[in-house]
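# Fold and geometry: a report
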Amino acid sequence: MSKRITKLGMVVVALVMILALASGITGCSQEEEEARTLSVYLAGSLSVPFEQMATLYEEDNPNVDVLLESGGSAAMISKAITKQDAGEDPPDIMASADYALIPDRMYEGDYADWTIIFARNTMVLCYRDNAPFASNIVAGTRTWYDVLQNETVKWGHSDPDADPCGYRSMMVFQLAEEYYYAQAATFGLTPDEKANGLYDACIPGTEQARGRTSQGNEVVRSKSVDLVNLLESGDLDYAFEYRSVAVQHELNYIELADAVNLAQVGEIGDSGVTCEDFYAQASVQLKGSSGQYSATKGAAVVYGITILNEAPNADDAVDFIKLLLSAEGKDVMEVQNGQPLLDPLKCDNRDDLPSALKKLVEAL
């Protein structure tokens, strides 16, 4: 009898061990299934705040791995479209330094169908420590455009076809020429001959070629944040950047006049000319994803974000954007990184938004 009980006990123990092992395997499998990836393509100027945002999101969602890939906004949009067209998973989120690039390049192919306009920025001229003539510019005894045009200094901007900061840098020169020389009287200024011919002198070439390659003192890189390393190493004297990038990297920078910094709304002084109308006088020919060139007009620096229609992880994408637009996200963007959110937040196609985001924004 005891032997039979012992054998029975051994069988029970074995069954329990098998069940426990099976349960463990099943549990591991379930945990693996719960692990998720959130892919975000973003403008290089958003890298620092979005890295902080990703850390916050992963702390609240330990099964989610947020993968960030940054670059020039136009280049990242092209990469997202190419991936989807090739049958690969596109990113879940696209965040662009120029909100208009999303509807212009992603709506027609049904890659996305809404854009939340969420942040602002300002063009500034950064300079390295002990940059030649920087002290004169800061003191007001020389203008920045006089120095860049007439002195042997290396200055840089990003590629306009890849990065909005690149074509905005070119627009700064166009607007400065108009503001300080061609239309100076309109703004109550004495025309400055040193601004005459400024654009052609600093960024020469045909409309479809200028600003694309380094020449003379002009240095071109694929995205604006690539210029930061050159400034820090002393290989570049000046570079056009967004103010938020200058703040995040603790760079020296010179504020530009409101008429040229692509950051303002309302009237320029008492001229009767609005910033919107004046900015729109600047124009750069840009190569689109089709390879064709078209004119992009100047406008205030405003960022946009969307979730792609074929996003593999749309649920986490919605929650990530909710975090970005929350009080906690505003603290990361504005307080810690010098990049203000829009107030109120706007969306072009609000009816197409996921319900969880719709209540956070107004219609454009």
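So, here is what we can say about the structure in this document. What you see is a predicted model, and the numbers here were worked out from it, not measured in a lab. (Residues numbered from 1 in each chain as written. Predicted model: local features only at pLDDT ≥ 70, side-chain atom pairs only at ≥ 80, totals over all residues. Heavy atoms only, no water.)

This next bit is on the environment of isoleucine 254. Following the sequence through the fold, isoleucine 254 ends up in strand β9 (residues 252-255). With 131 residues separating them in the primary sequence, isoleucine 254 and methionine 123 have C-alpha atoms 9.5 Å apart. When sequence neighbours within four positions are dropped, the list of residues in contact with isoleucine 254 reads Val124, Leu125, Tyr127, Ile137 and Tyr238. (Helix = DSSP H or I, 4+ residues; strand = E, 2+ residues; numbered from the N terminus. Contact = heavy atoms within 4.5 Å.)

Quick look at a negative patch on the surface now. Residues Glu59, Asp60, Glu328 and Asp331 make up a contiguous surface patch of negative charge. Residue assignment for the negative patch shows that the elements contributing at least two residues are α2 (47-60) and α13 (327-335). Within the secondary structure, glutamate 328 is located in helix α13. (Patch = residues over 30% accessible without salt bridge, like charges linked within 9 Å, V, L, I, M, F, W, Y side chains within 5 Å. Areas by Shrake-Rupley, 256 points an atom, 1.4 Å probe, with all protein chains shown as cover. Salt bridge = Lys/Arg side-chain N within 4 Å of Asp/Glu carboxyl O. Lys, Arg positive; Asp, Glu negative; His and termini not counted. Charge placed at Lys NZ, Arg CZ, Asp CG, Glu CD.)

Topologically, asparagine 313 is positioned in the loop between β12 (302-307) and α12 (314-324). Those residues within four positions of asparagine 313 in sequence are excluded, and the remaining contacts are Arg36, Thr37, Leu38 and Asp92.

The five strands lie next to each other as β7-β6-β8-β5-β9, forming an open sheet whose pairing is mixed. Either end of the sheet is taken by a strand with one partner, and the two such strands are β7 (218-221) and β9. Averaged over neighbouring strand pairs, the angle between their axes works out to 35° when direction is ignored. Sitting on the sheet, helix α7 (residues 164-182) is in contact with β5 (123-127), β6 (155-158) and β8 (238-242), with an inclination near 115° to β8. Against the sheet, helix α9 (residues 226-233) contacts β5, β6, β7 and β8, and its axis sits at roughly 140° relative to β8. (Pairing = 2+ DSSP bridges. Axes fitted to C-alpha atoms, helices over the stretch in contact; angles between N-to-C directions.)

This part takes up the packing of α2 against α12. Between two packed helices, both the angle of their axes relative to each other and the distance between the axes serve to describe the pair. Axis separation between α2 and α12 bottoms out at 10 Å; the angle between their running directions is 115°. In this structure, α2 crosses over α12, and the sense of that crossing is right-handed. Facing Phe50, Met53, Ala54, Leu56 and Tyr57 of α2, the residues of α12 in contact are Asp316, Asp319, Phe320, Leu323 and Leu324. (Left-handed = near helix turned anticlockwise from the far one by under 90°.)

Next up on the list: the packing of aromatic side chains. Applying the stated criterion to the full structure yields 16 aromatic pairs. Here phenylalanine 118 and tyrosine 303 contribute two aromatic rings whose centre-to-centre distance is 6.3 Å and whose plane-to-plane angle is 75°, an arrangement assigned as edge-to-face. Of the two residues, phenylalanine 118 sits in strand β4 (residues 116-120) while tyrosine 303 sits in strand β12, which places them 185 residues apart along the sequence. When sorted by exposure, phenylalanine 118 lands in the same class as tyrosine 303, which is buried. (Phe/Tyr/Trp six-rings, centres within 6.5 Å; stacked < 30°, edge-to-face > 60°. Buried < 20%, exposed > 50% of the residue type's maximum accessible area, 1.4 Å probe, protein only.)

The subject of this paragraph is helix α3 (residues 73-85). Over its 13 residues, α3 extends 18 Å from the first C-alpha to the last, a length consistent with the 18 Å expected when each residue adds 1.5 Å. Every buried residue belonging to α3 is among Ser73, Ala74, Met76, Ile77, Ala80, Ile81 and Gln84, and all of these are buried. Down the axis of α3, the smallest arc covering the buried residues is 165°, so these residues share one side. The elements touched by buried residues of α3 are β1 (36-43), β2 (64-71), β3 (93-96), α4 (101-106) and α7. (Expected span 1.5 Å × (residues − 1). Arc of directions from axis to C-beta.)

This part takes up α7. In this model, α7 (19 residues) spans 25 Å end to end at C-alpha, consistent with the 27 Å of a helix rising 1.5 Å per residue. Judged by how many residues are buried, α7 sits mostly within the fold: 16 of 19 residues are covered.

Moving on: the pairing of β5. With five of five residues buried, β5 is to be regarded as a mostly interior element. On β5, burial covers both faces: Met123, Leu125 and Tyr127 on one face and Val124 and Cys126 on the other are all buried. Relative to β9, β5 is paired through four bridges, and the arrangement is antiparallel. Paired with tyrosine 127 across the strands is asparagine 252, a residue of β9.

It is worth spelling out the sheet that holds β3 at this point. The strand order β2-β1-β3-β12-β4-β13-β14 describes an open sheet built from seven strands, whose pairing is mixed. Each edge of the open sheet carries a strand with a single partner, namely β2 and β14 (362-363). Bridge count between strand β13 (residues 341-347) and β14: two bridges; the pairing is parallel. Bridge pairing links cysteine 347 to alanine 363 in β14. Lying over the sheet, α12 contacts β1, β2, β3, β4, β12 and β13, oriented at roughly 155° with respect to β12.

It is worth spelling out the side chain of aspartate 163 at this point. As for its position among the elements, aspartate 163 is in the loop between β6 and α7. Looking at aspartate 163, its side chain comes within polar contact range of the main-chain nitrogen of serine 224, at 2.8 Å. Contacts of aspartate 163, omitting those with residues within four sequence positions, involve Gly72, Ser73, Ser158, Ser222, Lys223 and Ser224. (Polar contact = N/O pair within 3.5 Å; in protein donor to acceptor, adjacent residues only side chain to side chain.)

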